[in-house]
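For reference, the chains in residue letters:
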Amino acid sequence: MTTAKPQVHVIGTGGSIAGIGPDRLDYILYSEIGDHLTIRQSLERVPEIDGIASVTSEDLVSVGSTAIGPSEWLALSGRINGLLGGDSALSGVAVTHGTATLEETSYFLHLTVKTDKPVVVTGAMRPPTAISTDADLNLLDAVRIAATPHAGGMGVLTVLNNEIHSARDVSKANTFRVETFRPNELGFLGYADSDGQVVFYRAPLRKHTTATPFDVAGRDSLPRVEIVYSYAGADGALLDAARQMRPDGLVVAGFGGGTFPPDFLAAAGRAVDDGIPVVLASRSTAGRVVNTPRKEQQGFLVSDNLLPQKARILLMLALTVGNDRQWLQQAFLEY
Ligand code: ASP
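## A look at the site of the ligand
(1) Moving on: Inspection of the region around the ligand gives Gly-15, Ser-16, Ser-31, Gly-64, Ser-65, Gly-98, Thr-99, Ala-100 and Ala-124 as its neighbouring residues.
(2) Moving on: In the model, an oxygen atom of the ligand is placed 2.9 Å from a nitrogen or oxygen of the Ser-16 side chain.
(3) Moving on: Ala-100 has a polar backbone atom sitting 3.0 Å from an oxygen atom of the ligand.
(4) Moving on: Isolated, the ligand exposes 260 Å² of accessible area, and the fraction of that covered by the protein chains is 88%.
(5) Moving on: Partitioning the shell around the ligand into residue classes produces 2 nonpolar, 7 polar and no charged.

## Section: the nonpolar core
(1) Moving on: Among the nonpolar cores identified, the biggest contains 29 residues, and Val-10, Ile-145, Leu-157 and Phe-200 are the most heavily contacted of them.
(2) Moving on: At the level of elements, strand S1 (7–14), helix H2 (39–44), helix H5 (135–146), strand S5 (157–160) and strand S10 (198–200) are the ones that each hand at least two residues to this core.
(3) Moving on: Looking at this core element by element, the count peaks at 7 residues for H5.
(4) Moving on: With residues up to four places along the chain from it excluded, the contact list for Leu-157 reads Val-119, Val-120, Val-121, Ile-145, Ala-151, Ile-164, His-165, Leu-189 and Phe-200.
(5) Moving on: In this structure, Leu-222, Ala-318, Trp-327 and Phe-332 belong to the second largest nonpolar core, which totals 28 residues.

## Focus: the packing of helix H4 (residues 102–112) against helix H9 (residues 308–321)
(1) Moving on: Direction vectors running N to C along H4 and H9 enclose 35°, while the axes themselves pass 10 Å from each other. Viewed along their axes, H4 and H9 form a crossing whose handedness is right-handed. On H9, the residues that touch Glu-103, Glu-104, Tyr-107, Phe-108, Leu-111 and Thr-112 of H4 are Gln-309, Lys-310, Arg-312, Ile-313, Leu-314 and Leu-317.
(2) Moving on: Across the contact of H4 with H9, the residue classes tally to 6 nonpolar, 2 polar and 4 charged.

## Overview of a nonpolar patch on the surface
(1) Moving on: The grouping of Ile-28, Leu-29, Ile-33 and Phe-176 at the surface amounts to a nonpolar patch, some 390 Å² of accessible area in total.
(2) Moving on: Residue placement: Phe-176 occurs in the loop between strand S7 (171–172) and strand S8 (181–182).
(3) Moving on: Judged by relative accessible area, Phe-176 falls into the partly exposed class, the value being 44%.

Rules used in this analysis
- Residues numbered from 1 in each chain as written.
- Predicted model: local features only at pLDDT ≥ 70, side-chain atom pairs only at ≥ 80, totals over all residues.
- Heavy atoms only, no water.
- Near = heavy atom within 4 Å.
- Polar contact = N/O pair within 3.5 Å; in protein donor to acceptor, adjacent residues only side chain to side chain.
- Areas by Shrake-Rupley, 256 points an atom, 1.4 Å probe, with all protein chains shown as cover.
- Nonpolar A, V, L, I, M, F, W, Y, C, P; charged D, E, K, R; others polar.
- Core = buried A, V, L, I, M, F, W, Y, C linked by side-chain atoms within 4.5 Å.
- Buried < 20%, exposed > 50% of the residue type's maximum accessible area, 1.4 Å probe, protein only.
- Helix = DSSP H or I, 4+ residues; strand = E, 2+ residues; numbered from the N terminus.
- Contact = heavy atoms within 4.5 Å.
- Axes fitted to C-alpha atoms, helices over the stretch in contact; angles between N-to-C directions.
- Left-handed = near helix turned anticlockwise from the far one by under 90°.
- Patch = residues over 30% accessible without salt bridge, like charges linked within 9 Å, V, L, I, M, F, W, Y side chains within 5 Å.
- Salt bridge = Lys/Arg side-chain N within 4 Å of Asp/Glu carboxyl O.

By themselves, these are just geometric observations and shouldn't be taken as functional.
Structure follows, in structure tokens:
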């Protein structure tokens, strides 16, 4: 008896995983040159994938991920929901993406795709044209995970360097190393391991995918949320400038558990007084930002343990549901 192979759809978006460099020693210039393999060409480099899944593919865009933002997130989320909705025969979807903003796209999808099937995002730190590229193995691992039913129900996953992470927790931690994607102290979820097995040890607890109220179908834009970074001696001038742009929300990156230079915090308070939701986040790469009675009274929100770039995405999505302060703060405790 032959069992049918799982069906996996792979969506290419560009990035180093598809980058074409001038020679085998180039690990840098290719991304400025900007040429990319199509996803079909990337898949052809790994014929072994055929033994794992029956694969279809498409190129959504073909860019470095520095050029990816809300309109690509919306297109990708809509496409994945279309592919996996109804009684789709697909086992899962894999996405190839540049590593620069991979954590942001992945978290957006984690909050907006409505499926319990595996959705896996991968990239590479070394282009396919370079010595010791990680492009082929990461693509293989992503398809392997997308074809694995027990990888479902955990929200959007990322895989590079054989390590499977939750999209909520993962962040690019090192500029060039292949083990760059790290989960900010929380630990990875499992491995796509050397024996071909996909093994999990933990599952995310925060709500995601089908358990969120975020429905972005039909939207062509998202609320505008800016991030302002603080530093010793920051006087709030940049924050005032951001406030005067009248964004829909602001995320401010401060110190440790949520402290800021006094003049910077005063500027953040002026934004709250103008009716702009302001989320206090941290420059620290792990740990929670907590509210205090005084900050609460001033009307600030806190990011929990989301990095500023992730807090921005959650605030953008939460604002699509409502801008009541209690709801916005609750969103940071739930998602
Ligand atoms: N320039 C690349 C990008 O598209 C970097 C990478 O993929 O690693 O984000």
